[in-house]
Structures are given as C-alpha cells and as structure tokens.
Amino acid sequence: MSEQYRIIGKRIGGLDEKDKVLGNVIFAEDYTLPGMLHARVFRSTRASALIKRLDLTRAKALDGVVCVLSAEDVPNNESVKNVVGQTTEVGLLEATNQVLARDRVRFYGEAIALVAAENLDIAEEALELIEIEYEDLPAIFDPLEARKPGAPKIHGDNNIISAWKIRKGDIEKGFAQADVIVEKSYRTPRQEHAHIEPESGVSWIDDMGVVNIRYAAQVIEHYRDVAAVLGLPDSRVRVIGTIIGGGFGGKEDITVEIFLGLLAWKSGRPVKLTYTREEMGFARHKRPPYYLHYKTGATKDGKLTAMEAKLVSDAGAYVYLSPWILIYSTVHATGPYFIPNVKVDANSVLTNNIMTSAFRGFGGMEVAFAYESQMDELARKLTMDPLEFRKKNFLKKGDETANFQTITSEALLPEAASKALAALGGKGKGSKHKKVGRGFACSWQSYGRMTYLHDTSNAWVNLEMDGSSVVRSGIPDLGGGQRESLRAIVAEILGLKLDEVHVISTDSQVTPPAGTVTATRALYMSGNAARLAAENVRKIILDQASAMVGVAPEKLKLKSKQVYLAENQAGPENQAKKLSLVEVIKSCAAQGKIPQSLATFKAPFTEPITTDLIRDPVFADFTFGAQAAEVEVDTETGEVKLLKYSTAYDIGQAINLNRVEGQMEGGAAQGIGFGLMEDYIEEEGIPLTWNLHEYLVPTSKDLPDIETVVLESRSGKGPFGAKGIGEPAITAAAPAVINAIRDAIGVRIYHVPATAERIFRALKGKREK
Amino acid sequence: MKNFKYFRPKNLDELLAIKNELKEEARLLAGGSNLLVYIKEGSLKSGTLVDIGSLAALKGIREKDGYLEIGAAETIIDIMASPVVSEKLPFLRESLRVFANPLIRNISTVAGNIAEGSPIADTAPLLLVLNSEVVAASITGRRNIPIDDFFISLGKTEIKANEVIITIRIPIPETGRGKFVKLGLRKGTSCSVVSVAVWLIANGRGVEDIRIALGGVAPLPLRAVKTEALFRGKILNEHNIGELALEVTNEITPITDVRGGAAYRSEVSAALLSKAVRECLGMEE
C-alpha cells in the first residue's frame, strides 16, 4: 500500500491542455480535404406522421448539388433492434431503427434525407427545395399514458420497451419493522449534453476502396454499423477518431458516421458533415426523463428496513440505450446503503418525444436525486444528524447489494461525506429575504460496462531501439486525458520519462480494439490492457537482462533506462552488473526477442440476464463519494445562489491528479446544472429549447469555486487500484443542492431542475398551508 | 441561398440616403448581436447590411444642456467605461453590469437593444424611468421621440422605415436614486424573465416622485403609472412597500412561455419592485 510512484498520482502536465487553451487542437470540424462536399440533413417537422410524398427532384436539380439521398438509396436502411433489456415480461419488441425515415416519422427532427453539395449554402438551399407531404398520426408524449393499453403505439404493439425488477427480503415485513416511513414522488429532466464541439466529421474513399470516416467518436467500433448499412465487409470501413470537444455520452450512439459513409460511398467524393447547434438540440438524443416513486422505511434507531421504488423513464421514439440505462437505475436504486428488504420495479416507455440515450451518470444520477432526498427527509423525521443517520446504513466492503452483489472494494463513504462537509468551511449567515442552507448527498456509481457484456480491451506496447516506447490503443480521448493516462501507466512500469512514451489511439484499422470511451470504463479497461502489455515488455527485458548478468529476474529493476539489481541487492560488486536498457534491447533484437506485447484485459464475465428479475452481479465494481453544497435562496423570487460547493470521492488511485480534479469539478458543474436549471422542454413533441440561449447550462457566474477532496483506497479494479470517476462525479450533485435548499427554506423540491419559479411555488404552497 | 450586400457609409448623409432608398431592406449593423443571429438561424435571408459600427457621427458620449447624449453606435462596454456616465449617471453604469455578458457588452449598443421593440430589452426599463428621448434622423430631418412613445407593439417601434436612431438623450437627474433588478434563469448571460427599473426621489422615506418600468411582463416594456401614483406621497416601510408593489400586477399582462409562467411573472414582478424600492431607500441588507 505504501509504494511510492514516480509518475502515477502526480499532477501531470497534459498532452493537450496548452493546445486547447491556445486553440491549436485539430478537432473533427477542422479537417478539410480537396474536392470535399458539404452535407446537411433534411429532418422531420412532425412528431408522428406518415410520409405521403417525398420529392427530391428540385433539390437534385439545383446547381452545385451532387448527391441527395433518401431511405430508398440506403443499401440496408432498417435494422431490427432486439436490445438486451427486453425481458421475458416485455417480450420481443422488434423496434425498427432506420437510417433515414422511409414511410413514417416518429419524432420531430428525425432524419429523412441527406444532401451533399459543393458548398454549405447550396446544401442549405437544397434542403428548402425538398418537397414533403405528411399525414399526421396519433401521437403520445407522456410516458405514463403511453404505458396504457389504448395508447397509440410507436413500434410494434407495446410501448414498454424494458422492464426490470429487484426483489430482496420481504418488503411488507420490512415496512412493518419501520418506525418512520417517507413516501414521495420525484421527477428529473430531459438533459441536453451541450458539448461545445458539435457532432462532426469528414469521410472519403481511399485508394484501396476503404471508406474512411474521421469524426468525433466515443465509440470507434461504429465502423461495423457503417459497414452493415453499406453492405460492406467490416474491413472496408475505417473509423479514425479525433480529439473530442466534449461528449458526455452524446457521441456514444451513432452521430454523423453513417451519413458520412453513405454520402462518400454514393458520391465518390470526400464529404464533411457538421451538425448545427440547433440540430444538436432537436435531432440528438437526451438524458431520459424519469418519474420516480420512492417509499423508504427506517427504525427509530436509524437503521433502514425497507425501500420500494417504482421507476418510469421516457425512451422517446426509438430504442437506443434506454433499456440499459434502466438496468443501471434499477441496480443503483437503493443508493450506497445496505437495506435488508428491497423491491424495485422499472419501466422504460416509448413516446413520440426525442429519443433518449446515454448521458454521463447513465441511470445512476436520476435515482440518486430520489434516494438522497429520501435519506434527508428520513433523517429529519428521526431528528437525527443526516450524516450520522447515513453512517448507520452505508454499504461497506463485504456487504451485499440488493441484487446480491458483494462489494469487493473499500467504500470510504463516511470519510467522503465528512470531508465534503468539512471542505465547505464556515457557514454564511443570510438575511431577511435570503436564507442560507447546507446539504449533502452520497452516491455510488458503477465503473466499467455491465459484466454480462463480456467487455475486453487491448493494448500494444513496445520498446524502440533507443529505449523509448510506443503504445497503441483504440481508446478515444474524450477530453478526460485517456491517452495521457496510458502514457503515465506505461512510463511508470517501464521506468521511462513521460515524454519517452508516445500513445497512438483511436483508429479502428491501426490501433488494437480497446472498446468505447463510455461507462467510466476507459481507464479501468484500456489502462489495465496497457498495464498488462507494459508488464509483459518489462518481463521480456528483465528476463533478457537476467540471462545477461546471471541474476534472477525478480531481483532486477528497470528504471531510468537502466536495469539494476533491486535496491536491497545493491552492493559494490553488483553495481558492475548494471546494464543499460539499450544494451538489453540490442541483445533481445539479436536473438529475435522483440520487446513488444499485445495484451488483452478481460473484465469479469457473468452470464447474460435472462429474466426481468435482476438477482446477480451486474457490475465489476463501484465508485463511492459525496458532494456538499451551501446555497442562498431568495425567498421573494425563488432564486438560488450557490455559495460553496465541495465534492469528495474515493477514486482508488489517481493516475493524474489534475485530471481527477477536473472530472470532479466538471461532473459537479454538470450535475448542478441538472439540479438547478437544465431542462430540454418539448411541448407535444415540439422542442422549445433547441438553442443555448433557451437551454441554459451553468456559467462561471453560476458556480462557486468547487473544492475537491481526492481519497485513494487503492482498492479499485483499475490499474494501480484505480477506480473510475467520469460518471460518479456527477451523480450526487443534484440531491446535494436540493437538500441544501430544503435546509435553507424548509421546503423540498421534488421535480428538478429547481428553477426559481418552482421554488417560488413551493414557498407559496408552504405559506398557504 | 443567403443573399446579402454590405455597405459601410462614410458619413451620416450616406447612411440616411441609403436608409431612405432601401427602407426595411437596409439592416443596420452596429455590433450584430441580434442581426447575426437572425442570419445564422435563417430568419433573415437577404438585405443590405449597413455597417454603422464605426460611423463617427453615431459615436460620442457627452453631457450637453443637462442631458447625457449617447451616440447610437456606442457599445455597452464603452458606456460603462465612460467617465461622464460614471460621474453623471452611475445608475446607468451599475445597471448595465447585468446586461448579457462581457462578449456581448463589447459589441452591443443601447440603440440596437431597443430598436427591435423587444419587451425584454434590458435597457428599455432604464430609459423609461429616466424619461429618455430617442433622436431619430432621416433625409428630411431629425425628431426627438420621448421614450414613452417609442415602443408601439411587440417588435414595432416609432422609428420609420427611412429613419435611423442617431442618439439616445437622457436628462441627467438632479435628485433621486435608481435601481435595476433583473430576474433571469441563471446568473451569467440569460434573457430576462422579468426586469424592473425604479427611479425614486425620496425625502427620508417619503416618496416625492417615483418612476417604475418593467420588462418581460407585457408585449412592450412599460411604465407602471398607476403603481407610481399609489407610491407618491407615501411614507415607506418594509411592510407597505410590499403592499403597494402588489398594485403592479394589475398593470401588466405577462404571458407563459418557456422561461416562465404568467402567474409567476406577475407575482415576481411585485417582489422585484419591492426589492428595487428598498434598495433605492438603502433598506436592503
């Protein structure tokens, strides 16, 4: 535990921070190629309608238009999606996803046709020349209504696309044992990713006939989806990822890559497609809105006895990842607490709203808002200190979760919560109309994909003749420093300086498949793969050195391009046996033992879930932590000012402390936005907040300095005992703020975001009581 | 396809001539913080962009005959930085601190802000409580439009198709204190849900005169004259300020939109008015 690292856990100057600040990074939109066409997408302006007529004639005839495509031009336009998450209860859904809408549109913004032209102005003009006639169909926008038998059906004959449940203990008995019970309903918003960089990319056909697509991708494995649509072998499509200007799950599903592949394939010309900010709003998936109903009971001594939760999420018009997100919600529904009796029932429901899918937090933060609101109210009912109450119930190593998964890492929840609260410092006073309050919230969030997905990640590491190293890994750099982490890990293990290690990443035909940069898996998976490969290379070197000096390899150390005897072996006679790394590499090469390794890291594998009842482990491990807030609420207007904020997580082991803090601050800010102001509003399927002057995210003026507390238990499953922090960092923010508002004004907000208007109404309701 | 011409007049005569010739087709470009949005979102597809951003005749911030005169092409940031404004009307400088954000303050103008006839233009309530005048010019001459007559209906002002705003004139108040409060959905860069400006001339806590203007609660920015009348002559305290301020809800006709409900706009208008009056009296903690 006490091992000191040279590089790991330090504040590492990044590969690209300076370039980002100076505007030197080449993002996806910055690429251009000679003869490149510019593309735009023609989209539905109806939420639910039949396409009675689509006429592309005038658009095609426009001077400068090179290619106009509709569904009939797409080799394989439809794919039937029988996602995991459809259970015995729901049955086979057979929701059809379509590249371009053929006969029917199911949400406002659905893609219908593609245009590529000599320049963007012509492409835009061509969009206006496309003629379309719709016949409106019945539509449904409320997921609670959409569950009912008579509701209009979006696909097939059932709008419920997934159902999950948890049963642990005896729920009736659990509530009978409770001295206090809190039962409340909650709602969470449809959050927009609002990444700075739009979805963008460039495609071309190379001299080998391969379709190349260079775009901002969280999942470069989408080359397979492009190949399937084009009817090409997977080997004929190559995805080259770029440095990503923000994703948060927004670049996890298909974005521009299929359209780019199609247009380059059909036109034979390079093509660029960048979504407009408005298009990012109304055409791209959002975080699923949730309806949550919670009932939680505890004894007068503060021990939780039972928890029942009913969850309904709005999947929107197509089946993307909402069934998976719902699994996360179901498993995380208890919060990081040991509860003997648990019952969870969860549904995800199709509507004619914009589709919902991946977003940082992925089902874990919606339930966190509810379970931490419940915990706060229970503590009040019990007149117990909210931290003392939680301490009696925190999950700890060795405990079993509601789905019978044993926690195998440290949880450090008491430390995280105490330190987050302490980091707030002295409490502000407030005034007649401005009330100050404090709150905190704890959360847990898995890192790594669901274990039944049998996740793997590959990395290749070598040593060059001069002792420097090259790392190849398919992992995209989402801005979290994913490449930098691999560099640090390999440099640490091979005893090199950071700038002696070069990382090549995110190219589906050049780098070994490392999987997605999603699910807080990048460091855990690709970091472990790089660690394994580097350890293999070190072994090659030490074995060779061992043969050269006649000392057992375990007594040798590799550092600063020298092979030493381990310190405790060091004596004057052994110093003579010190070898330079270059000498050893030369010796290896002479004997054909190339110092290189392609390693595969495999996450724990579990059997696929076959019923709607989740009763086995689903995740490899969890990250635990807490966030705390001090707010000032204006009781005349309902406005909230965040005065102080802190966030504390056990991240196992920092790889780069700067990046850990960056994730924690960014996660808090995005979670505060979810709690206080962000809401993508649709009215009867028509989006109303598709621009960033209506869809508001927090600015620097809305946030105080965020204090970060980094705890390192070294108990995680990642390299050096690291856990993931990307998503855990967002989960506890909204309930921390809402609990602080409750403390300030004596009123709880059950429907986030807690806008001034909602707080004003709640205060008025309290006064009128 | 987008089809724009660009013209940069060398002097006021050229500006007035092209405005007279092209009327609405001549789109005045000072900072472009509205115009470029219309072009980018596609609601404006053609026209002649007449660049007045550096026209000397529309520049200058000066005191003249008891008025503060602000050239129509002066940016918000330059107004805030002006020593004349700081000395003669610090209320204006202070109030503009909540206008948009530094990037937009760097390019926007007061004239451009009010020219759109938007009910949520943040400078409108300020100009209203200061009894300002808008100087409009055309090839046939100039006229001074009292700010009370300036806003006609949603998106429409008194400025004719051949006219250009050249100066904003604000009488420098000899007495009184002002306060502008704005409620947005976040602290940095947001459109006003409701905004309230108050200019109060008080003797101790007795109201000699008061002017109240609001944004975001009617098709136009408006003066709350009935509420003003109620306040006049009253000796104010925390309690009766709140009571008197409620009158303002009878003078406004807010709507429900994505930024807020009509009922909330109405009720919060009274709250913001109370706050502004208390601030003018130095009662806020």
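Residues numbered from 1 in each chain as written. Chains lettered and ligands numbered in written order. Predicted model: local features only at pLDDT ≥ 70, side-chain atom pairs only at ≥ 80, totals over all residues. Heavy atoms only, no water.

Residue and element names in this part refer to chain A. Packing of helix H6 (residues 223-230) against helix H7 (residues 257-267) leaves a shortest axis separation of 9 Å and a crossing angle of 45 degrees. In this view, H6 runs oblique relative to H7, as classed from their interaxial angle. Judged by the twist between their axes, the crossing of H6 over H7 is right-handed. Contacts between H6 and H7 involve Asp225, Val226, Val229 and Leu230 from the former and Glu257, Ile258, Gly261, Leu262 and Trp265 from the latter. Split by residue class, the contact of H6 with H7 holds six nonpolar, one polar and two charged. (Axes fitted to C-alpha atoms, helices over the stretch in contact; angles between N-to-C directions. Helix = DSSP H or I, 4+ residues; strand = E, 2+ residues; numbered from the N terminus. Parallel < 35°, antiparallel > 145°, perpendicular 65-115°, else oblique. Left-handed = near helix turned anticlockwise from the far one by under 90°. Contact = heavy atoms within 4.5 Å. Nonpolar A, V, L, I, M, F, W, Y, C, P; charged D, E, K, R; others polar.)

Using the criterion set out here, one finds four cavities of 30 Å³ or more in the structure. By volume, the largest cavity amounts to about 190 Å³. In this structure, the largest cavity is lined by 14 residues; those nearest its centre are Val640(A), Leu676(A), Leu185(B), Arg186(B) and Lys187(B). Across the lining of the largest cavity, the residue classes tally to seven nonpolar, three polar and four charged. (1 Å grid on protein atoms, 1.4 Å probe; cavity = no way out; pocket = protein on both sides within 12 Å on 5 of 7 lines; lining within 4 Å. Points joined across faces, edges and corners; volume = space filled by probe spheres on them.)

Our next topic: the interface of chain B and chain A. At the junction of the two partners, chain B supplies 26 residues and chain A supplies 31 residues. Both sides together, the interface formed by chain B and chain A hides about 2,500 Å², and carbon and sulfur atoms give 52% of it. On the surface where chain B and chain A come into contact, there are seven salt bridges. Taking the shortest distance from any N to any O, the salt bridge between Glu267(B) and Lys764(A) comes out at 2.9 Å. Here chain B is connected to chain A by 13 residue pairs in polar contact (both at pLDDT 80 or more). Broken down by secondary-structure element, the contributors of at least two residues to the side of chain B that touches chain A are strand E11 (177-184) and helix H12 (262-280) of chain B. Here the side of chain B that touches chain A is built from residues that sort into nine nonpolar, five polar and 12 charged. (Buried area = accessible area lost by both parts, 1.4 Å probe. Salt bridge = Lys/Arg side-chain N within 4 Å of Asp/Glu carboxyl O. Polar contact = N/O pair within 3.5 Å; in protein donor to acceptor, adjacent residues only side chain to side chain.)

To continue, consider the pattern of salt bridges. Residue and element names in this part refer to chain A. In total, this model carries 71 salt bridges over all chains according to the counting rule given. The residue Glu133 makes a salt bridge to Arg53 at a minimum N-O spacing of 3.0 Å. Separated by 80 residues along the polypeptide, Glu133 in strand E8 (residues 131-136) and Arg53 in strand E2 (residues 49-55) bring together distant segments of the chain. The exposure class assigned to Glu133 is partly exposed, which follows from its relative accessible area of 39%. Arg659 is the partner of Glu484 in a salt bridge, and the nearest nitrogen-oxygen pair spans 2.9 Å. (Buried < 20%, exposed > 50% of the residue type's maximum accessible area, 1.4 Å probe, protein only.)

The strands that make up a sheet are held in pairs by hydrogen bonds between backbone atoms, and each pair lies either parallel or antiparallel. Residue and element names in this part refer to chain B. Sheet architecture is open: three strands sit in the order E1-E3-E2, paired in parallel fashion. With one partner strand each, in any of the chains shown, strand E1 (3-7) and strand E2 (26-29) form the two edges of the open sheet. Taken pair by pair, the neighbouring strands of this sheet meet at an average axis angle of 30 degrees, ignoring direction. On the sheet, helix H1 (residues 12-22) packs against E1, E2 and strand E3 (46-51) and is oriented at approximately 145 degrees with respect to E2. (Pairing = 2+ DSSP bridges.)

Time to look at the side chain of Arg487(A). Residues and elements named next belong to chain A. Mapped onto the elements, Arg487 comes out in helix H13 (residues 482-494). One buried charged side chain, Arg487, makes no salt bridge at all; its nearest oppositely charged neighbour is Glu484, positioned 5.2 Å away. Discounting chain neighbours no more than four positions away, the residues touching Arg487 are Gly13, Leu15, Leu498, Asp499, Val501 and Val503. (Lys, Arg positive; Asp, Glu negative; His and termini not counted.)

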